Amino acid sequence: MKRQFRVWAMVFVLLIALPLTGWAAYIGGELNADLVYEWDQDEEDLLQASIPTGFSLVLEDHLDSGGKVHFSAKGFWDWKREKGDLAADQLWISGYLDDVDYILGRQVISWGTADGFNPTSYFARLDSSALTSGGLGSEPLWAGQATYYRPDWSITAVVVPFFKPQKIDDIMREMMIKSDPQAPLLLAAVDEVKKPSGLGKNSELALRGETNLAGWDLQASFFSGFEPLPGLEVKFDPAAAPLPIKIVGKYRRQNFFGLAAAGTIGDAGVWAEAAYGGPEAFEESENPLESVLAVNKKYVQAVFGGDYTFDLGQGLLVQAQYIYRGQGSLFAPYGEKIEPAHYLYGRLGYDLTPDDSLEMVIIHGLKDQSGLIMPVYTHRFPHSITVEAGLLGVYGKEDQEFGPIPSQARLGLSFKF
């Protein structure tokens, strides 16, 4: 029954969206299908196969005032696992008022200068698809964004009236459970935490100033909002069973100050980002049965990287980044002792022909020497048809940070219109 509902819901959205194409000056989208095999790195037997299919639809029209109106929807269905999702993606209107540009509605807000991991992209969220693609993704938010331009600088303000917590998808849950025996208790506690409510009490604000100096793009920013995942505490509770303790959580307000820069040194592109701040601290207890299970002090996030294209054939793109996460590792946001995590991120890209390309992404954890390797081959056929064949390889022991991620082979077909 649930499977039929998902399938018919996807058809319903497409039928509703098609009449809207009459007013759209631009109509675009994508149909895609994948064949995915996953297996445990320590086992030769195939764990599971999946056949996800999906679509995205984008409609845009220009307004007489010079702005745009934008609507997009997306959905997917995995025929093997009988799981899927359907959602309106973005819905916004943009315009101009003298020296001010504005966007109002459900939109993606992406700040920063780095590739993938952006400490100053305060609204980005981490999920399993972001990890396997090599970066942090930004989900659409209901927000207002306005930028005031001057000849040598600009300032941008973002207001999010209603806080949107981070979702922990099924794959992330499985990875957390494999990496931490206490993860089921922590996840259950996270699910019970209510997000802040009340007019103005659950709003978020971000400001960014930007200028260009000697060919360098410089940014300074400030953010006041909430932590994407709630902070957790172990509290003494004599009535709790079987132990006199319980785990409680709270979405704490946090503030950050950030700096970002991007430019060139010779023929190489370089960038750097750093953000400093943190959530309101929980009060430390002297009771040995009580403890804080989340970052409880201000910390630093930072990224330093660069890229260079070597004169080899069609050109070999080499990119490298160092990532510092003061709030802990990618897969362990909770624990009594949160230690900083360090990563190296690399990307290689090479065009064999105008229609064939190779790319490889590597994420390496410096703490336990484990990581991911993701090579992808892409061939572009005429009429916007693309075929991709890729692998996701995991190295390191199963109890290390990247160990819980299953290895993966994927063959994908997409059609853009």
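Counting of residues starts from 1 at the beginning of each chain's written sequence and follows it residue by residue. Reporting in this predicted model follows two pLDDT cut-offs: at least 70 for local features of residues, and 80 or more for side-chain atom pairs to be given and counted; totals over whole chains, interfaces and linings ignore these cut-offs and use all residues. Side-chain metrics in this entry use all non-hydrogen atoms of the structure; hydrogen atoms and water are not considered.

**Q** How do you make sense of the packing of aromatic side chains when you look at a structure like this?
**A** For Phe, Tyr and Trp, where Trp contributes only its six-membered ring, two rings pair if their centres lie within 6.5 Å, and the inter-plane angle classes them as stacked under 30 degrees, edge-to-face over 60, or tilted in between. Scanning the entire structure with this criterion turns up 14 aromatic pairs. Taking the centre distance of 6.4 Å and the plane angle of 75 degrees together, the rings of Trp111 and Tyr122 count as edge-to-face. A residue pair is termed long-range when its members are at least 10 positions apart, and Trp111 in the loop between strand 6 (100-107) and strand 7 (124-125) and Tyr122 in the loop between strand 6 and strand 7 qualify at 11 residues. For the pair Trp111 and Tyr122, one class covers both residues: buried. Seen from their ring centres, Tyr308 and Phe310 are 4.8 Å apart, and the 75 degrees between their planes marks the pair as edge-to-face. Residue exposure (1.4 Å probe, protein chains only): buried if accessible area is under 20% of the type maximum, exposed if over 50%, otherwise partly exposed. Residue Phe310 is classed as partly exposed on the basis of its relative accessible area, which comes to 42%. Each residue in the set Trp111, Tyr122, Phe123, Phe223, Phe256 and Tyr299 is aromatic and connected to the rest through ring pairs, giving one cluster. Numbering of helices and strands runs from the N terminus, with a helix taken as a DSSP run of H or I at least four residues long and a strand as a DSSP run of E at least two residues long.

**Q** Explanation requested: helix 4 (residues 183-192) in the structure shown.
**A** Three- or four-residue spacings in an α-helix give side chains the same orientation, since the helix completes a turn every 3.6 residues. Looking only at helix 4, the buried set comprises Ala183, Leu186, Leu187, Ala189 and Val190. Along the axis of helix 4, the buried residues cluster in a sector spanning 160 degrees; they form a single face. Residues Leu185 and Glu192 are exposed on helix 4 and point more than 90 degrees away from its buried face. Regarding the arc, it is the one traced by the directions from the helix axis to the C-beta atoms.

**Q** What is the right way to read the pairing of strand 3 (residues 52-62) from this model?
**A** Side-chain direction in a regular strand flips from residue to residue, so the side chains alternate between the two faces of the sheet. Being paired, for any two strands, means DSSP has found at least two bridges between them. The pairing of strand 1 (residues 26-39) with strand 3 spans eight bridges and is antiparallel. Looking at strand 3, one finds that Gly29 is bridged to Leu57. One ladder, built from 11 bridges, connects strand 3 with strand 4 (residues 68-78); its direction is antiparallel. If you follow Leu57 over to strand 4, its bridge partner there is Ala73.

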